[in-house]
Amino acid sequence: ATRNGPADSAAMARRLDEDGPDAPDLTAALARFEETYVKECAKERPAPEAKFNYAWALIRARRRTDIRRGVAMMQGLLEDRFSDRDCLYYMALGHYRLDDVLEARRCLLRLLEIAPNCRQAISLLDVVEDRITRDGVIGVGLAGAATVAVAGFLMALSSSRR
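Computed from a prediction, not measured in an experiment: that's the story for all the values here. (Residues numbered from 1 in each chain as written. Predicted model: local features only at pLDDT ≥ 70, side-chain atom pairs only at ≥ 80, totals over all residues. Heavy atoms only, no water.)

**Let's talk about the pattern of salt bridges**
Okay, step 1: Taken as a whole, this structure holds eight salt bridges when the rule is applied.
Okay, step 2: In this structure, the salt-bridge partner of Lys43 is Glu40, at a minimum N-O distance of 2.8 Å.
Okay, step 3: According to the relative accessible area criterion, Lys43 is partly exposed, its value standing at 47%.
Okay, step 4: A relative accessible area of 13% places Glu40 in the buried class.
Okay, step 5: For Asp99, the salt bridge identified is with Arg131, shortest N-O distance 3.0 Å. (Salt bridge = Lys/Arg side-chain N within 4 Å of Asp/Glu carboxyl O. Buried < 20%, exposed > 50% of the residue type's maximum accessible area, 1.4 Å probe, protein only.)

**Notes on the packing of aromatic side chains**
Okay, step 1: Within the structure shown, the criterion is met by five aromatic pairs.
Okay, step 2: Seen in terms of ring centroids, Tyr37 and Tyr54 are 5.2 Å apart; in terms of plane orientation they differ by 25°. Their pairing is stacked. One end of the pair, Tyr37, is in helix H2 (residues 27-41); the other, Tyr54, is in helix H3 (residues 48-59), and 17 residues separate them in sequence. Of the two residues examined, Tyr37 and Tyr54, each falls in the buried class. (Phe/Tyr/Trp six-rings, centres within 6.5 Å; stacked < 30°, edge-to-face > 60°. Helix = DSSP H or I, 4+ residues; strand = E, 2+ residues; numbered from the N terminus.)

**Here we look at the packing of H3 against helix H4 (residues 64-79)**
Okay, step 1: At their nearest, the axes of H3 and H4 sit 7 Å apart, and the two run at 150° to each other. Considered as vectors, H3 and H4 are oriented roughly antiparallel to each other. Judged by the twist between their axes, the crossing of H3 over H4 is left-handed. Residues Pro48, Lys51, Phe52, Tyr54, Ala55, Trp56, Leu58 and Ile59 of H3 touch H4, and the partners they reach there are Asp66, Ile67, Arg69, Gly70, Val71, Met73, Met74, Gly76 and Leu77. (Axes fitted to C-alpha atoms, helices over the stretch in contact; angles between N-to-C directions. Parallel < 35°, antiparallel > 145°, perpendicular 65-115°, else oblique. Left-handed = near helix turned anticlockwise from the far one by under 90°. Contact = heavy atoms within 4.5 Å.)

**Thoughts on the packing of H3 against helix H5 (residues 84-97)**
Okay, step 1: One can describe the packing of H3 onto H5 by two numbers: an axis separation of 10 Å at closest approach and a directional angle of 25°. Between H3 and H5, the crossing angle belongs to the class labelled roughly parallel. With respect to the hand of their crossing, H3 and H5 are arranged in left-handed fashion. On the side of H3, the interface is formed by Phe52, Trp56 and Ile59, while H5 contributes Asp86, Cys87, Tyr90, Met91, Leu93, Gly94 and Arg97.
Okay, step 2: Taken together, the residues that form the contact of H3 with H5 break down as seven nonpolar, one polar and two charged. (Nonpolar A, V, L, I, M, F, W, Y, C, P; charged D, E, K, R; others polar.)

**A short note on unusual backbone geometry**
Okay, step 1: For Arg81, which is not glycine, the phi dihedral falls at a positive 60°.
Okay, step 2: Within the secondary structure, Arg81 sits in the loop between H4 and H5.
Okay, step 3: Phi is positive for Asp99, close to 70°, though the residue is something other than glycine.
Okay, step 4: Checked against the element boundaries, Asp99 lands in the loop between H5 and helix H6 (101-114).

**Topic: the nonpolar core**
Okay, step 1: Counting residues in hydrophobic clusters, the biggest one holds 40 residues, and the most contacted among them are Tyr54, Met74, Tyr90, Leu108, Leu111, Leu124 and Val128.
Okay, step 2: Broken down by secondary-structure element, the contributors of at least two residues to this core are H2, H3, H4, H5, H6 and helix H7 (119-160).
Okay, step 3: Discounting chain neighbours no more than four positions away, the residues touching Tyr90 are Phe52, Trp56, Ile59 and Met74. (Core = buried A, V, L, I, M, F, W, Y, C linked by side-chain atoms within 4.5 Å.)

**Comments concerning H2**
Okay, step 1: Taking 1.5 Å per residue, 15 residues should reach 21 Å; H2 reaches 21 Å between its end C-alpha atoms and fits that length.
Okay, step 2: Among the residues making up H2, those that are buried are Ala29, Leu30, Phe33, Tyr37 and Glu40. Projection of H2 onto a plane perpendicular to its axis shows the buried side chains occupying an angular sector of 95°, all on one side. Turned more than 90 degrees off the buried face of H2, the exposed positions are Thr27, Ala28, Val38 and Lys39.
Okay, step 3: Buried residues along H2 sit against H3 and H4. (Expected span 1.5 Å × (residues − 1). Arc of directions from axis to C-beta.)

Shown next, in the form of structure tokens:
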């Protein structure tokens with residue numbers, strides 16, 4: 001698997017974080033898929049495609065509660081063996097949008113075991129790993145700053161007791 005360049009990875013990250021002013025409004029699609037899903041649930045054997053489409057729309061929604069629900073629905077579909085590849089990809093996307101990059105990475109690695117040449121998964125994994133690296137560097141910096149602050153406080157405290 002070849003990694004995308006930093007520009008490609010950054011552009012994809014912007015598209016995945018669809019909360020900006022240019023983000024598509026999927027409200028109508030979400031309502032349409034929800035209506036279809038509710039009708040299917042009334043049947044003895046609801047079509048898994050209806051659940052998948054509704055879960056997809058939830059994962060692409062703006063509200064975190066919708067995204068969480070979509071991920072949970074995809075998990076159920078995965079357990080039912082509906083479409084491992086698609087379910088894992090959209091679960092990863094949902095986890096990414098919820099800022100759970102470690103779980104997103106886990107889903108993508110599992111997907112790449114099934115479909116090692118899946119370009120979507122490879123591209124999303126690049127974005128996820130960039131975020132993990134960036135957040136890790138920020139985390140190390142914050143931990144270092146906290147350590148310096150505590151050390152400074154302790155030194156000031158010990159010098160004031162003398």
